[in-house]
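Observations on the model geometry
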Amino acid sequence: MTDVAVRRDTARRWLRDNGVYAAIVLLIGYNLIFTDNFATVANLNTQLVQVAPVLIVALGMALVIGTEGVDLSVGSVMAIAAAILPLYLGYGLAPAIGLALVAGALCGLLNGTLVAVVGIQPIVATLALLVGGRGLALVFADGQLKNINNAELLDLGTGKASVPLIPLVAAVLAVVAWALVRHTTVGRTQVATTGRTVRPVLLIVCGIGLLLLAVIALSTGTRINVPFIVLIAAVLAVLVWFLVRQTTFGRQLVSVGGNRAASALAGLPVRRVLMTTYVISGMLAAIAGIIATARLTASDPSRIGELFELSAITAVVVGGTPLSGGRVRVLGTVAGALLMQLIAATLIKHNLPPSTAQIVQAAIIVAAVYLQRSRSGGGQ
Amino acid sequence: MDDATDAVLAARSVGKRFPGVIALSDVDIELHGGEVHALVGENGAGKSTLIKVLTGVYAPDDGTLTYLNMPASFSRPLDAQAAGISTVYQEVNLVPLQSVASNLFLGREPRNRLGLLDFRAMNREARKILDAYGIPVDVTRPLRTLGMGVQQMVAVARAAATDAKVVILDEPTSSLEPREVDTLFSIIAKLRDDGVAVLYVSHRLDELYRICDAVTVLRDGKLVHTGPIADLPRLQLVAMMLGRDLDEVQREGTTKFEGERTADEETAPALAARGLTAKHRLDNVDVTVQPGEIVGLGGLLGAGRSETAMAIAGALPLDAGRVTVNGRRVRSGSVAAAMRAGIVMLPEDRKADGILPELSVRENIALAALPRMSALGLVSRRRQNAVVDTFMRRLRIKASSPDQKVGELSGGNQQKVLLARLLCTEPKVLLLDEPTRGIDVGAKAEVQSLVDELAKDGLAVVLISSEFEEVVEGSDSIVVLREGRVVTELHGSDVNEAALLAALAEDAKDPQDPKDSADD
C-alpha cells in the first residue's frame with residue numbers, strides 16, 4: 001500500500017471506531033453556540049428521558065447482533081409487557097413488573113429456541129414474534145388503551161432521584177478513565193522483553209480516584225435531580241457493558257458470533273449462549289415497555305414500541321457494532337442512540353420538520369455502514 | 001504438428017494461475033468417445049481446476065482446448081453446456097421442489113401447439129428415458145422426495161439426455177449405496193456404448209478399475225501420468241497420486257518427528273473408539289491409542305479420516321459405536337462431553353472451524369478454557385494472563401502482544417494458537433487433523449517437534465496428514481482407512497512407506513462379501 005492509502009485506511013478506521021463520539025462532541029459544540037436553551041438541566045433531562053427506552057432496547061439488540069443475529073420482535077415484546085402491566089397492577093407494582101419481565105423472558109426464550117434449536121434464521125424467527133406479538137398484546141389488553149392510575153408506576157415515569165453531584169461526576173470520571181486505560185491503548189507501555197503490557201496510568205487513575213473519594217467524603221454535597229428512567233438506563237448500560245467485557249458468558253457470546261463452527265468445536269455451549277442472549281434482549285425490551293408505559297401514563301399496546309426494532313438497530317450500527325457479529329460495542333451503542341436523539345432534537349429546535357431529521361439520520365446510517373465495510377469488500 | 005486425433009475434447013498444455021498459487025501447469029488430457037476416463041489426484045492436485053477449465057468456468061491462462069477437432073474457448077459454463085459438455089457435480093444441482101420429469105427437461109421443456117408446456121409429453125418422455133437406464137421411479141414426484149442416490153442418477157440421466165458428447169462426473173458415488181452404485185455404473189456403461197466421452201472423478205480405486213478405460217493422474221497441478229488404466233498397477237497409481245517413488249520409499253526421514261517411542265502396552269488405552277458407524281461415512285471403525293502414543297490415520301482423500309476424528313471428538317453424530325477415555329465411556333455426539341472427558345480436536349479447516357480472526361490471541365487461547373479461568377461467571381484476568389503467557393512461551397507463539405488480533409498472525413502461529421487453546425484445557429487425547437497444512441516450512445518443523453514433545457509428556461495423539469512422510473514418521477502405528485472402514489493396522493516396524501502404500505493400494509474386499517459382514 002502507498003503512504004496515502006495507508007493514511008486513508010488509518011483515518012477510516014479511526015472514524016469507524018470513534019466517529020460516533022466525535023459526531024456527538026461536534027453536535028453538542030454546535031448546540032452550545034447556536035441553540036438557545038440547550039445547556040439547561042431541563043432540556044438535558046428531556047432528551048435523556050426520551051432516548052432511554054430506545055437505548056435500553058438497543059443494549060439487548062447489540063448483544064443479539066453480536067451473535068450474528070437480529071431481534072425484530074423487540075417492539076412487540078414492549079407492547080406485550082405494556083399490556084400485561086395493568087392486568088396485574090391490582091396485586092401491586094412489583095408483581096406486575098415481575099410478570100411483565102417474565103413475559104419478556106418467555107418471548108426471548110421463544111426467539112432463542114427458534115434460532116438455536118430449530119435453526120431458523122434470526123431475521124425470520126423474530127419476524128414471527130414481531131407480527132404475532134403485537135396481536136397477542138392486543139388480546140391481553142382486550143384491544144384497549146388503559147390509563148394507568150398506580151401512583152408508584154406514574155412516579156417511576158416522571159419522578160426524579162436526587163443524586164449528590166460530586167460522587168456522580170466522580171463515578172462517571174472513574175468509569176471513563178478505567179475504560180480508557182483498560183480497553184484502549186492509552187497509557188499502555190509494552191515491556192519489550194516479555195511482550196506484556198503494563199499500564200502506569202492505571203496507578204495514576206487509582207490515585208485520582210482516592211483523592212476524589214476524599215473530596216466526596218468532605219463535601220456536604222450539591223445534589224441534582226436525575227429522572228428515574230435515565231438512572232435505570234444508565235445502570236443497565238453499565239451492567240450490559242460489564243456482562244460483555246468481564247463475564248464468561250459475554251466472551252462466549254462474542255466468540256459464537258465471530259465463528260459459530262469454531263466455537264462449537266471448542267466445546268462452547270453455543271445453544272445456551274444464543275438462547276440466553278435472546279432472553280436478555282426480550283427482558284430488556286420488557287423493561288423498555290414498562291418505562292414507556294409509565295411515561296405515557298397509559299398502556300397502549302397498539303402503539304407502544306412501534307418501529308423500535310429499527311431505531312435500536314440504527315443505534316447499534318451507528319455505534320460501530322458490525323452486523324456480521326463477533327463484536328459488541330456497548331458504549332458505542334449508547335453513543336449511537338444519543339447521537340440519533342441529538343440530531344432530531346437539534347433540527348427540531350431549529351424549526352426544521354422531522355422529515356429532515358429522518359433524512360439526516362439515514363445519511364448517518366449509510367456512513368456508519370460504509371465505514372464498517374470490510375477492506376477486502378471495498379474493491380479498491 | 002496439428003494432431004487430428006479422434007479426441008472429442010482435448011486440452012493441450014493448459015495452465016491456470018491464481019494469486020500466489022499455480023493451480024494447473026502444462027496439463028494435457030484427451031477424452032475419447034466411447035471411453036470412460038478417470039481423473040485422480042489428492043487434495044490440491046488440480047482436478048477441480050481442470051474440470052472448471054474444461055467446462056468454461058475458468059478460462060485457461062496457457063494452452064488450448066480442442067472440442068470436436070476445433071479450437072474451443074468457452075467464455076461461460078452455459079456455452080460449454082450448449083456445445084454438449086455436461087457436468088454432474090458432487091452435490092446434485094437440480095431443482096428439488098420440481099418433479100423428476102421437469103428436472104429432466106429443465107430448460108428444454110416440450111411445448112404443445114399453443115406454446116404451453118406439454119406435461120403429458122414431458123412425463124411420457126421422462127419415463128422412457130429413465131426406463132432405458134433402469135431407474136424405476138415415479139417421474140411426477142418432486143425430486144427432493146427421492147433418495148440422494150436416485151437424485152444423483154436423475155442428474156446423470158439429465159446430463160446424458162441433453163445429447164451430450166462429453167459427460168463429466170465429479171465424485172458421483174460419494175453418497176450412494178452399493179446397489180445404487182451398480183445402477184449408476186450401468187448408466188455409465190450405456191453412455192460409453194452410445195459413444196459419449198465420460199470423465200470420471202473418484203477416489204475409490206475399486207470403482208476406477210471397474211468402470212474406467214483410461215486414467216490421468218494429477219499432483220500439485222501437474223500431469224503425472226496418463227494412459228490406459230489396465231496397464232497401471234494399483235500400487236503404482238497410489239504412489240503416483242501421493243508423489244512417492246516406489247523404488248525410494250524406504251529412504252530416511254525428512255520430517256522433524258523422532259523415531260519410535262515405546263508405548264507402554266501394559267497400561268489401559270487412553271483412547272478406545274469401538275465400532276464407530278455413521279451412515280455413508282464410517283463403518284465400524286476402531287481406533288486405540290495408548291498414553292504417549294501417536295496413532296496415524298492413513299488413507300486417501302475421502303477415506304473417512306477426518307470423519308473418524310470428528311466422531312471421536314463428538315462433532316459427528318454416530319449411528320453406533322462408543323468412545324472411552326481411560327476406560328470411562330464418553331457420551332457421543334457432544335463436543336462438550338468429549339472435552340470434559342479430555343478429548344480435543346484441532347480441526348482441518350483452520351479458518352472456518354478454528355480461529356476467531358477478529359479476537360485477540362489471548363481470547364482465542366482462552367476460549368475453550370474460559371469456565372475454568374472464571375469464578376462465578378466472571379473472567380479472572382490474572383488467571384487468564386498466566387495461562388496465556390505460559391502457552392505463548394511454551395509453544396513459541398510469535399505475536400506482538402497477547403492483544404494482537406489472531407487474523408494478523410502467520411498461518412503457523414495461528415495453528416499454534418489453536419494448539420494452545422486445546423492444551424490449556426489439559427486434555428488426555430489430542431486429535432490433529434492436518435496440523436501442518438498451509439504453514440511454512442520452519443513453522444511446520446516446530447509444530448511437528450511440538451507434537452512429539454506432547455506425546456512424550458504422555459498425551460495420546462491421533463494424527464491425520466495428507467503428507468505421506470508426516471504420517472509415517474510421526475506415527476507409532478497407523479490405522480489405514482478406505483471408504484469409511486478400517487482396512488488394516490500397521491504396528492512397529494511395519495510403519496513404513498512401503499507397507500502403507502501397499503495397504504492403500506490393496507484390493508478392497510467386496511462389500512457384499514458375507515464373511516465380511518458376519519463379524520458386525
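Residues numbered from 1 in each chain as written. Chains lettered and ligands numbered in written order. Predicted model: local features only at pLDDT ≥ 70, side-chain atom pairs only at ≥ 80, totals over all residues.

Observations concerning the overall build of chain A
Note the threshold: Secondary structure elements follow DSSP: runs of H or I no shorter than four residues count as helices, runs of E no shorter than two count as strands, and numbering proceeds from the N terminus. Exposed residues have 12 or fewer other C-beta atoms within 10 Å of their own C-beta, buried residues have 20 or more, and partly exposed residues fall in between, where C-beta atoms are placed from the backbone. Distance between backbone-placed C-beta atoms decides contact: two residues are in contact if it is within 7 Å.
Along its length, chain A carries 15 helices and six strands. In chain A, buried positions account for 39% of the 380 residues. Put simply, 77% of the contacts in chain A that link residues at least 6 apart link residues at least 24 apart.

Things to note about the overall build of chain B
Our working definition: Radius of gyration: C-alpha atoms only; globule rule: 2.2 Å multiplied by the number of residues to the exponent 0.38.
Along its length, chain B carries 18 helices and 22 strands. Taking 24 Å as the expected radius of gyration for a compact globule of 520 residues, we find that chain B reaches 26 Å, a close match to that expectation. Each principal axis of the C-alpha distribution contributes one length, and for chain B these read about 80 × 55 × 55 Å. Buried positions account for 47% of the 520 residues belonging to chain B. Considering only residue pairs separated by 6 or more positions, chain B has 68% of its internal contacts joining residues 24 or more positions apart.

Re the domain arrangement of chain B
How big an interface is tends to be reported as the loss of accessible area on association of its parts. Residues and elements named next belong to chain B. Put simply, the rule reads: Domains are outlined according to an automatic or database domain assignment. The nonpolar class holds Ala, Val, Leu, Ile, Met, Phe, Trp, Tyr, Cys and Pro. Asp, Glu, Lys and Arg form the charged class, and all remaining residues, Gly among them, are polar.
According to the domain assignment, chain B consists of domain 1 (7-232), domain 2 (271-342 + 427-518) and domain 3 (357-425). Between domain 2 and domain 3, the contact holds eleven residues from the first and ten residues from the second. Here the element with the most residues in the side of domain 2 that touches domain 3 is helix α15 (residues 441-456); it accounts for four residues. Tallied by class, residues from the side of domain 2 that touches domain 3 come to eight nonpolar, one polar and two charged.

Digging into the sheet that holds strand β11 (residues 271-278) of chain B
Residue and element names in this part refer to chain B. This is how it is decided: What makes two strands pair is DSSP finding at least two bridges between them. Axis definition: a line fitted to C-alpha atoms, limited for helices to the stretch in contact. Angles are taken between N-to-C directions and run from 0 to 180 degrees.
Read from one edge to the other, the open sheet built from four strands follows the order β12-β11-β14-β15, with strand pairing classed as antiparallel. The outermost strands of the open sheet, each flanked by one partner alone, are β12 (282-289) and β15 (328-330). Each strand of the sheet is rotated relative to its neighbour by a mean of 25°, with strand direction disregarded. Where β11 meets strand β14 (residues 320-325), five bridges bridge the pair, whose relative direction is antiparallel. Pairing of A272 across the sheet is with T324, part of β14.

Overview of the interface of chain A and chain B
In this assembly, 22 residues from chain A lie in contact with 25 residues from chain B. Elements with a contribution of two residues or more to the side of chain A that touches chain B: α10 (248-258) and α11 (260-265) of chain A. Looking at the side of chain A that touches chain B, the element that brings in the most residues is α10(A), giving seven residues. Looking at side-chain class alone, the side of chain A that touches chain B contains eight nonpolar, twelve polar and two charged residues.

Overview of the sheet that holds strand β13 (residues 294-298) of chain B
Residues and elements named next belong to chain B. Taken together, six strands build an open sheet; the order of strands is β16-β19-β20-β13-β21-β22 and the sheet is mixed. Because the sheet does not close on itself, it has two edges, and the strands there are β16 (343-346) and β22 (485-491). In this sheet, adjacent strand axes meet at a mean angle of 20° when their direction is disregarded. As paired strands, strand β19 (residues 429-433) and strand β20 (residues 460-464) are joined by five bridges and run parallel to one another. Within β20, the position partnered with D433 by the bridge is I464. Sitting on the sheet, α15 touches β13, β19 and β20, and the angle it makes with β20 is about 150°. Of the strands in this sheet, β13, β21 (477-482) and β22 touch helix α17 (residues 497-505), which is tilted by about 165° from β22.

A word on unusual backbone geometry
Residue and element names in this part refer to chain A. One non-glycine residue, E68, lies in the positive phi region at around 70°. Mapped onto the fold, E68 is located in the loop between α2 (41-66) and α3 (74-88). Taking the number of C-beta atoms within 10 Å as the measure of exposure, E68 has 18 and is therefore partly exposed. Although it is not a glycine, L307 sits at a positive phi angle of roughly 65°. With respect to the helices and strands, the residue L307 is situated in the loop between β6 (298-299) and α13 (308-318).

Here's the deal with the packing of helix α5 (residues 148-161) of chain B against helix α6 (residues 178-193) of chain B
All names here are of chain B. Stated formally: Every angle not falling under 35 degrees, over 145, or within 65 to 115 is termed oblique; those three ranges are roughly parallel, roughly antiparallel and roughly perpendicular.
Where α5 meets α6, the axes come as close as 10 Å, and the angle between the chain directions of the two elements is 5°. Put simply, α5 runs roughly parallel to α6. Counting all contacts with α5, which are made through G149, M153, V156, A157 and A160, the residues of α6 involved are E180, T183, L184, I187 and L191. Broken down by class, the residue content of the contact of α5 with α6 amounts to seven nonpolar, two polar and one charged.

Focus on the pairing of β12(B)
Residue and element names in this part refer to chain B. Inspection of the sheet shows β11 paired to β12 by five bridges, in the antiparallel sense. Residue pairing across strands places A272 opposite T288, the latter belonging to β12. Following β11, the chain reverses through three residues before pairing antiparallel with β12; H280 in that reversal takes a positive phi of roughly 70°.

Points about the environment of A:A315
Structurally, the position occupied by A:A315 is in helix α13. In the structure, A:A315 is positioned 257 residues away from A:A58 in sequence and 6.5 Å away in space, judged by C-alpha atoms.

So, helix α8 (residues 234-242) of chain B
Looking only at α8(B), the buried set comprises B:L237, B:V238, B:A239, B:M240, B:M241 and B:L242. If you follow the buried residues of α8(B), they end up packed against β3 (35-40), β9 (214-219), β10 (222-228), α16 (468-474) and α17 of chain B.

Focus on α15(B)
Residues and elements named next belong to chain B. Where we set the bar: One less than the number of residues in a helix, times 1.5 Å, gives the span that helix is expected to have.
With 16 residues, α15 ought to run about 22 Å at 1.5 Å a step, and its terminal C-alpha atoms sit 23 Å apart, in line with that. Regarding α15, the residues found buried are A443, K444, E446, V447, Q448, V451, L454 and A455. Those residues of α15 that are buried are in contact with β13, α14 (411-423), β19, β20 and α16.

Here's the deal with the confidence of the model for chain B
Residues and elements named next belong to chain B. So the rule is basically this: The score called pLDDT rates the predictor's confidence residue by residue, from a low of 0 to a high of 100.
Within chain B, residue pLDDT values average 84, and 92% of them lie at 70 or more. Taken together, the stretch residues 510-520 has pLDDT below 50 and engages in four contacts with residues farther than four places along the chain or on a different chain. Predicted as a complex, the structure gets a pTM of 0.71 and an ipTM equal to 0.72.

Focus: the packing of α8(B) against α17(B)
Residues and elements named next belong to chain B. So the rule is basically this: A clockwise turn of the near helix away from the far one marks a right-handed crossing, whereas an anticlockwise turn of less than a right angle marks a left-handed crossing.
Contact geometry of α8 with α17 gives a least axis separation of 9 Å together with a crossing angle of 115°. On the basis of the axis angle, α8 is roughly perpendicular to α17. By crossing handedness, the relation of α8 to α17 is classed as right-handed. Contacts between α8 and α17 involve R234, L235, V238 and A239 from the first element and L501, A502, L504 and A505 from the second. Here the residues of the contact of α8 with α17 sort into seven nonpolar, no polar and one charged.

Here's the deal with the environment of A:F38
All names here are of chain A. Relative to the helices and strands, F38 resides in the loop between α1 (3-34) and α2. Classification of F38 by C-beta neighbours within 10 Å gives partly exposed; the count is 17. As for F38 and I28, which are separated by ten residues in sequence, their C-alpha atoms are 8.9 Å apart. Beyond its immediate chain neighbours, meaning those up to four positions away, F38 contacts N31, L32 and N43.

Some words on the confidence of the model for chain A
Per-residue pLDDT for chain A has a mean of 85; in total, 86% of the residues score no lower than 70. Overall, residues 375-380 of chain A carries pLDDT values under 50, and its contacts beyond four positions in sequence, including any with other chains, amount to one contact.

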